[in-house]
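Below, each chain spelled out in residue letters.
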Amino acid sequence: MGERNKNMSQRINYQKELENLHQSMIRMGSDVEESIHLAVLALTENDVELATKVIDRDDIIDDQERKITQECILLIARQQPVASDLRNIAANMKLVTDLERVADHAEDIAEHVVFLNDKNYSVVVPHDVVKLTEHTLKMIHAVLDAYVESNLDKAKQIVMMDIRVNALYGKLKKYLVRQMKLDPEGAPAMVEMLLVCKHLERIGDHAKNIAEWIVYFIEGEYITSSEIRKEVESNEKGRGSSE
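Source: prediction; values computed, not measured. (Residues numbered from 1 in each chain as written. Predicted model: local features only at pLDDT ≥ 70, side-chain atom pairs only at ≥ 80, totals over all residues. Heavy atoms only, no water.)

## Some details on the pattern of salt bridges
Now for step 1: Enumeration over the complete set of coordinates arrives at 11 salt bridges.
Now for step 2: When the shortest N-O distance is used, the salt bridge between Lys154 and Glu149 registers 3.0 Å.
Now for step 3: Exposure remark for Glu149: the relative accessible area of 44% places this residue in the partly exposed category.
Now for step 4: Here Asp162 ties to Lys208 by a salt bridge, and the two come within 3.8 Å at their closest N and O atoms. With Asp162 in helix H5 (residues 152-182) and Lys208 in helix H6 (residues 187-219), this pair connects stretches of sequence that are 46 residues apart.
Now for step 5: The buried category is assigned to Asp162, whose relative accessible area is 0%. (Salt bridge = Lys/Arg side-chain N within 4 Å of Asp/Glu carboxyl O. Buried < 20%, exposed > 50% of the residue type's maximum accessible area, 1.4 Å probe, protein only. Helix = DSSP H or I, 4+ residues; strand = E, 2+ residues; numbered from the N terminus.)

Written out as structure tokens, the structure reads:
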């Protein structure tokens, strides 16, 4: 009886530690989401002070990533989790890496704002950059929701959302390259804007990666984004034909 109580106590403690890990992930995700929003706001409003704030707060997010990774390693070492629990922890370690890289891209965007101001470059932010930002933020918000809810359908839909991000980036890339040819003197500023767009596109890629790891955690096997896309498209066609 004593051994059974001990095992139950260990399991309860483990569940508490796992819940603390999830809460840490949610806080970090919220901070990362805010960094993206502030970085693009700094760009659209040409706010160097705000851009500097985004750059400074990246150290906080880096620290969160280190602490969460350490929590994951300690959980594995102390609890020797079974297969499903180990998969949960492993997925969290991958998720936190992608979140940290998203924050790095937000910092990079802020650094471009500072550079544009240092060089006194005048640049008009195309409306499609705002659209790209909005869609990227929707992806990040949705993937955090999918994580919190362990929602398989939401996670798979995020993979589909990345198609829109890639299309917007491709459209912006063509537009900015065309502008460089039309206005060679403004080309340096357009290059900076193109790099900002690339950072946003990469944020979408990381959101898609996080979604893939959520699917892995729930289903128990790793499925590529192309496989998820085919599955979602097939299901949508099936629903359409039944209607």
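Anyway, onward from the coordinates.
## Considerations on the confidence of the model for the chain
Now for step 1: In this model, the chain carries a mean pLDDT of 89, and residues with pLDDT of at least 70 account for 93%.
Now for step 2: Averaged pLDDT values over the elements of the chain bottom out at 79 in helix H7 (residues 225-242) and peak at 94 in H5. (pLDDT = per-residue confidence, 0-100.)

## Examining the packing of aromatic side chains
Now for step 1: Evaluated as defined, the whole model comprises three aromatic pairs.
Now for step 2: Relative to Tyr121, the ring of Phe115 lies with its centre 6.2 Å away and its plane at 65°, an arrangement referred to as edge-to-face.
Now for step 3: Look at Trp213 and Tyr216: their rings are 5.1 Å apart centre to centre, the planes differ by 85°, and that puts the pair in the edge-to-face class. Within this pair, Trp213 and its partner Tyr216 are both found in helix H6, separated by three residues, close to a single helical turn.
Now for step 4: One aromatic cluster in this structure is built from Trp213, Tyr216 and Tyr222. (Phe/Tyr/Trp six-rings, centres within 6.5 Å; stacked < 30°, edge-to-face > 60°.)

## Points about the side chain of Glu192
Now for step 1: In this fold, Glu192 is placed in helix H6.
Now for step 2: Look at Glu192: it is buried, it has no salt bridge, and the nearest opposite charge is Lys119 at 9.2 Å.
Now for step 3: Once residues lying within four places of it in the same chain are set aside, the contact partners of Glu192 are His112, Phe115 and Leu116. (Lys, Arg positive; Asp, Glu negative; His and termini not counted. Contact = heavy atoms within 4.5 Å.)

## A closer look at the nonpolar core
Now for step 1: Of all hydrophobic cores here, the largest spans 72 residues; its most connected members are Val32, Ile36, Leu43, Val129, Ile158, Leu200 and Ile214.
Now for step 2: Looking at this core, the elements that each hand over two or more residues are helix H1 (2-44), helix H2 (48-79), helix H3 (83-118), helix H4 (127-149), H5, H6 and H7.
Now for step 3: Ignoring any residue separated from it by four or fewer positions in sequence, one finds Val129 in contact with Leu43, Leu172, Met193, Cys197 and Leu200. (Core = buried A, V, L, I, M, F, W, Y, C linked by side-chain atoms within 4.5 Å.)

## Considerations on the side chain of His135
Now for step 1: Structurally, His135 can be placed in helix H4.
Now for step 2: On the basis of relative accessibility, which here comes to 17%, the residue His135 falls in the buried class.
Now for step 3: For His135, the side chain forms a polar contact with the main-chain oxygen of Met161, separated by 3.2 Å.
Now for step 4: Beyond its immediate stretch of four places on either side in the chain, His135 contacts Met161, Arg164 and Val165. (Polar contact = N/O pair within 3.5 Å; in protein donor to acceptor, adjacent residues only side chain to side chain.)

## What about unusual backbone geometry?
Now for step 1: Even without glycine at this site, Asn46 takes up a positive phi of about 50°.
Now for step 2: By the element assignment, Asn46 lies in the loop between H1 and H2.
Now for step 3: Phi is positive for Asn120, close to 55°, though the residue is something other than glycine.
Now for step 4: One can find Asn120 in the loop between H3 and H4.

## Observations regarding the packing of H5 against H6
Now for step 1: Where H5 contacts H6, the axes come no closer than 9 Å and their chain directions differ by 165°. Classified by the angle between their axes, H5 and H6 sit roughly antiparallel to one another. Considering only the axes of H5 and H6, their crossing is left-handed.
Now for step 2: For the contact of H5 with H6, a count of residues per class yields 21 nonpolar, three polar and eight charged. (Axes fitted to C-alpha atoms, helices over the stretch in contact; angles between N-to-C directions. Parallel < 35°, antiparallel > 145°, perpendicular 65-115°, else oblique. Left-handed = near helix turned anticlockwise from the far one by under 90°. Nonpolar A, V, L, I, M, F, W, Y, C, P; charged D, E, K, R; others polar.)

## Focus: H3
Now for step 1: Spanning 36 residues, H3 covers 53 Å between terminal C-alpha atoms, matching the ideal 52 Å at 1.5 Å per step.
Now for step 2: Once H3 finishes, Asn120 follows within two positions and takes phi at roughly 55°, a positive value. (Expected span 1.5 Å × (residues − 1).)

## Some thoughts on empty space enclosed by the protein
Now for step 1: What the rule picks out here adds up to one cavity of 30 Å³ or more.
Now for step 2: Its volume calculated, the largest cavity comes out at about 40 Å³.
Now for step 3: Every residue along the wall of the largest cavity is listed here: Met25, Ile26, Leu95, Leu99, Val143, Leu144, Tyr147 and Ile210.
Now for step 4: Elements supplying a minimum of two residues to the lining of the largest cavity: H1, H3 and H4.
Now for step 5: The biggest single contributor to the lining of the largest cavity is H4, with three residues. (1 Å grid on protein atoms, 1.4 Å probe; cavity = no way out; pocket = protein on both sides within 12 Å on 5 of 7 lines; lining within 4 Å. Points joined across faces, edges and corners; volume = space filled by probe spheres on them.)

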